[in-house]
Amino acid sequence: MIDAFLVAEKTVVSAKGDGPSVDVTGAANRVFLMTLDITQIIEQESLEVSIYGSADGATWSAKPIVTLPQKFYRGESPLLLDLVAHPDVKFVRAHWEVARWGRGTETPMFEFGLRLKEIPPEVLREATAETKALA
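Residues numbered from 1 in each chain as written. Predicted model: local features only at pLDDT ≥ 70, side-chain atom pairs only at ≥ 80, totals over all residues. Heavy atoms only, no water.

Secondary structure summary: the protein contains one helix and nine strands in total. Ordering the α and β elements of the protein from the N terminus gives β-β-β-β-β-β-β-β-β-α. Oriented by its inertia axes, the alpha-carbon framework of the protein measures out at about 50 × 40 × 25 Å. Per-residue burial for the protein yields a buried fraction of 36% across its 135 residues. At a minimum sequence separation of 6, the contacts of the protein that also span at least 24 residues come to 81%. Summing over all exposed atoms, the protein offers an accessible surface of approximately 7800 Å²; the carbon and sulfur share of this is 54%. Of the charged side chains in the protein, 14 are positive and 19 negative, and the gap between their average positions amounts to 2 Å. (Helix = DSSP H or I, 4+ residues; strand = E, 2+ residues; numbered from the N terminus. Buried < 20%, exposed > 50% of the residue type's maximum accessible area, 1.4 Å probe, protein only. Contact = heavy atoms within 4.5 Å. Areas by Shrake-Rupley, 256 points an atom, 1.4 Å probe, with all protein chains shown as cover. Lys, Arg positive; Asp, Glu negative; His and termini not counted. Charge placed at Lys NZ, Arg CZ, Asp CG, Glu CD.)

See the structure below:
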């Protein structure tokens with residue numbers, strides 16, 4: 001069961017960057033819950049986080065697998081990362097972009113973390129069954 005951080009908790013950033021690569025080959029399931037947790041910000045700035053995949057941990061996809069909606073405030077934001085359609089992906093990593101506008105310092109500052117947690121297959125089966133029953 002994979003439970004890792006794509007960006008360590010309370011990481012402080014002021015420019016674009018990349019998190020470490022995380023090996024997902026040990027996952028019993030290829031669907032993950034990502035939770036973005038923004039703990040500190042300054043006003044008039046934005047954070048955009050994307051997830052890239054790799055077959056070897058060195059060469060990364062040209063386009064992100066998924067991009068979280070742009071964020072401007074503190075709080076938690078969940079998003080599913082479904083790698084079922086990407087069987088070649090063995091590693092994932094986060095990339096972030098930050099921007100700042102308005103008065104005051106021009107340097108953005110975000111404190112955030114991004115957790116990746118594998119969703120157990122039985123939970124997905126149950127959710128799929130419930131969805132089909134409601135349709």
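A few words on the layout of surface pockets. Over the atoms, a rolled probe matching the size of one water molecule traces out where space is still vacant. Counted as a void, the largest pocket has a volume near 170 Å³. Lining the largest pocket, in full, are Phe5, Glu9, Lys10, Thr35, Asp37, Thr39, Glu76, Phe112, Gly113 and Arg115. If you list the elements that add at least two residues to the lining of the largest pocket, you get β1 (3-13), β4 (31-41) and β9 (110-118). Of the residues in the lining of the largest pocket, the class split is two nonpolar, three polar and five charged. (1 Å grid on protein atoms, 1.4 Å probe; cavity = no way out; pocket = protein on both sides within 12 Å on 5 of 7 lines; lining within 4 Å. Points joined across faces, edges and corners; volume = space filled by probe spheres on them. Nonpolar A, V, L, I, M, F, W, Y, C, P; charged D, E, K, R; others polar.)

Let us look at the sheet that holds β1. What the four strands build is an open sheet, ordered β1-β9-β4-β7; its pairing is antiparallel. Two strands lie at the open edges of the sheet, namely β1 and β7 (75-82), each paired on one side alone. The mean inter-strand angle of the sheet, taken between neighbouring strand axes irrespective of direction, is 15 degrees. Here β4 runs beside β7; their pairing, made up of eight bridges, is antiparallel. Opposite Met34, over in β7, you have Leu79 as the bridge partner. (Pairing = 2+ DSSP bridges. Axes fitted to C-alpha atoms, helices over the stretch in contact; angles between N-to-C directions.)

The subject of this paragraph is the pattern of salt bridges. Under the definition given, this model contains one salt bridge. With a shortest N-O distance of 2.5 Å, Arg115 and Asp3 are connected by a salt bridge. Here the residue Arg115 occupies a position in strand β9, and Asp3 occupies one in strand β1, the gap between them amounting to 112 residues. (Salt bridge = Lys/Arg side-chain N within 4 Å of Asp/Glu carboxyl O.)

Quick look at the pairing of β9 now. A regular strand places its side chains so that they alternate between the two faces of the sheet. Counted residue by residue, β9 has seven buried out of nine residues, so it is predominantly covered. Two elements, β1 and β9, share seven bridges in a ladder whose sense is antiparallel. Paired with Thr11 across the bridge in β9 is Phe112. As paired elements, β4 and β9 share nine bridges and run antiparallel to each other. Considered in β9, the bridge of Ile41 is made with Phe110.

Scope: geometric values only; no functional claims are made or implied.
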